[in-house]
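# Architecture and fold: a report
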Amino acid sequence: MSLYTQHVHACPLQSRSLRLYIHTISRGALGPAMAPAVVERWAGLGSAVATVIFLWSVVQNYVPPTFRLYLTTWAAKLAAFFNPYLQITISEYGAERFQRSDFFLAVEAYLSDACARRARKLKAELGKDSKNLRVSVDDHEEVTDDFSGITIWWYASKRQSKANVISLYPGGDERRFYRVVFHQRHRDLVVDSYLPFVLGEGRAVTVKNRQRRLFTNNASGSWNPYKGKSVWSHVPFEHPATFDTLAMHPDEKEAVIDDLMAFQESKEYYAKVGKAWKRGYLLYGPPGTGKSTMIAAMANFLDYDVYDLELTAVKNNTELRKLFIETTGKSIIVIEDIDCSVDFTGKRRKDKKASSNKDSDNDDKPKLPIEPEKDDATKVTLSGLLNFIDGLWSACGGERIIIFTTNHKEKLDPALIRRGRMDKHIEMSYCRFEGFKVLAKNYLDVIEHELFGEVQRLLEETDMSPADVAENLMPMSKKKKRDPDVCLIGLIEALKQAKEEAAAAKVKEAEEAQAKKAKEKEETEVKKGKDKDKAPEAANGDIKQGDK
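Reference entry: report on the structure contained in this document. (Residues numbered from 1 in each chain as written. Predicted model: local features only at pLDDT ≥ 70, side-chain atom pairs only at ≥ 80, totals over all residues. Heavy atoms only, no water.)

## Thoughts on the pairing of strand β9 (residues 278-284)
What counts, and what does not: For every residue, the accessible area (1.4 Å probe, protein chains only) is compared with the maximum for its type, and the residue is labelled buried under 20%, exposed over 50%, or partly exposed between those bounds. Put simply, DSSP H or I for four residues or longer makes a helix, DSSP E for two residues or longer makes a strand, and each gets a number counted from the N terminus. Should DSSP find at least two bridges between two strands, the strands are taken to pair.
Of all seven residues making up β9, seven are buried, and the element is well covered by its neighbours. The side-chain alternation of β9 yields two buried faces, one formed by K278, G280, L282 and Y284 and the other by R279, Y281 and L283. The sheet contact formed by β9 and strand β12 (residues 400-406) spans seven bridges and is parallel. The residue bridging Y281 from the neighbouring strand is I403, located in β12. Pairing of β9 with strand β13 (residues 424-427), which is carried by four bridges, proceeds in the parallel orientation. Paired with Y281 across the two strands is K424, which belongs to β13.

And the structure:
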């Protein structure tokens, strides 16, 4: 590219004026009298340019490199003196040669969203982990942007690598870049305000267009970053659950939504009070009450990724911290059935060893040698998990939600679920009439029905999970699909049957408790009788011993 071409590209206003001027001359708009004079001027300019090019070739061939560098430096200063425009280049690859620059990706997303409509050359592609088709500015294209009353020019370009390196990937020897051009009097505004604005808007566009993902942790033995095996593997997150489809009392549902919105908008507040930008939720209740559905509804509402952490695949606390570091912001970290995942107190193991020692003490029979017991259990401790939730490592990154689920809240250590770690406790209970109305609308498109009164009465008297209610409402046959009455009658029959089974189970439980109590009473009486029989023998033994 010649010096003249570089100057034209660097001065967009001058280049446009020059093109307009030449076009005017060619159309004869200046009049027949002035046209010859203008042509003579341009002929003289052409001769001058040819002379400069000739002299520059002579300089390159016969002038020493040191003096050539000196001339180039002064030529650049001279051009800068007459050129009031500055330019900033954003390269595709920054300090990390094998990873694309975050700023470059943000600029690409911003221009695609804000300025692509004004470009004439575009390119369309489906980006990695993107759910939408992305139309962006093509290479060697110019677009303009307005910011605070000033005009800014963007150029998308690419250059070939001069290194003699054979690339294994198509296009690997090309380096793309964006160049932003602006007037020098707007330097502070562009550097201090406009570029940070572009970075923030570009990141927001990337988040909006990304394909949300569901992650699970890999076994630690398969971790190998050099072979592309990360600590997490993922699939697209496509769960359809929303708060509108969640069978829950409207007031409780609204409270959860308000809490989520307050968290999402409180970045500055968390920084002000000195807390990491995270929040913990404990979902507890019987099986089938919608705990997993609640998590999916939260993720869809916030537009977050989900990390499903399997604690039994984590060997120790160090691996747990490594997994946490590899999570990203705008994510939900889930540990389901926390009471069944890991025995944090080690009580079971101690009881097992104590019972085995007791058996060895009481049994004098010789035993065959056996293999030592292998300890394949996870070494994740309660202290490590607490540090994961609320320690120093929890402040790495931000905008994360941590969710525990359990069927038995009473089994959890109080230190694990205290406020500040699990900030909000949400009980997912059995289906009641308000939740049933949501399910009836979703599954049957029914808002009011004459059988609702009977259903309400039975739901107040019977404990049935939302999953069981939904299964009875789902029209799995053509007959049910055509007639919601059949589905509601089937639900009523199921509720009556569940009520009878619950009553029978209650009677059986009472009988077992009564039988157990009678057996304990009988054992106590037998024990008292044996103690009475032993008392005279002990007394006689003392008398005989005294006689001796």
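More follows now that the structure is in view.
## Things to note about a negative patch on the surface
Formally: Each patch is built from salt-bridge-free residues with over 30% relative accessible area, joining like charges within 9 Å and nonpolar side chains (Val, Leu, Ile, Met, Phe, Trp, Tyr) within 5 Å. Each accessible area is a Shrake-Rupley result for a 1.4 Å probe, and residues are judged covered by the shown protein chains and nothing else. Here a salt bridge means any side-chain nitrogen of Lys or Arg lying within 4 Å of a carboxyl oxygen belonging to Asp or Glu. Neither His nor the chain ends is counted toward charge; the positive residues are Lys and Arg and the negative residues Asp and Glu. Note that the charge is assigned to NZ on lysines, CZ on arginines, CG on aspartates and CD on glutamates.
Judged by side-chain charge, D251, E252, E254, D258 and E427 come together as a negatively charged surface patch. Ranked by residue count, the leading element in the negative patch is helix α7 (residues 250-264), at four residues.

## Describing the packing of aromatic side chains
Aromatic ring pairs are described here by two measures, namely the spacing of the ring centres and the angle between the planes. Applied cut-off: Centre distance within 6.5 Å is the pairing criterion for rings of Phe, Tyr and Trp, where only the six-membered ring of Trp is used; planes under 30 degrees apart are then read as stacked, over 60 as edge-to-face, and the remainder as tilted. As a reminder, the over-ring test applies to NZ of lysine and CZ of arginine, requiring each to be within 6 Å of the ring centre and within 35 degrees of the ring normal.
Tallied over the entire structure, the rule returns 16 aromatic pairs. An angle of 10 degrees between the planes, with centres 4.2 Å apart, marks the rings of F215 and Y307 as stacked. Here Y307 lies in strand β10 (residues 305-308) and F215 lies in strand β7 (residues 213-217), a separation of 92 residues in the sequence. Per residue, the accessibility class of F215 equals that of Y307, and both read buried. Look at F243 and F301: their rings are 5.8 Å apart centre to centre, the planes differ by 85 degrees, and that puts the pair in the edge-to-face class. Separated by 58 residues along the polypeptide, F243 in the loop between β8 (232-236) and α7 and F301 in helix α9 (residues 291-302) bring together distant segments of the chain. Taking relative accessible area as the criterion, F301 reaches 35% and is therefore assigned partly exposed. Through a chain of ring-to-ring contacts, the aromatic side chains of Y110, F147, W154, Y194 and F197 assemble into a single cluster. The ring of F324 is capped by R400, whose NZ or CZ atom sits 4.9 Å from the centre of that ring.

Scope: geometric values only; no functional claims are made or implied.
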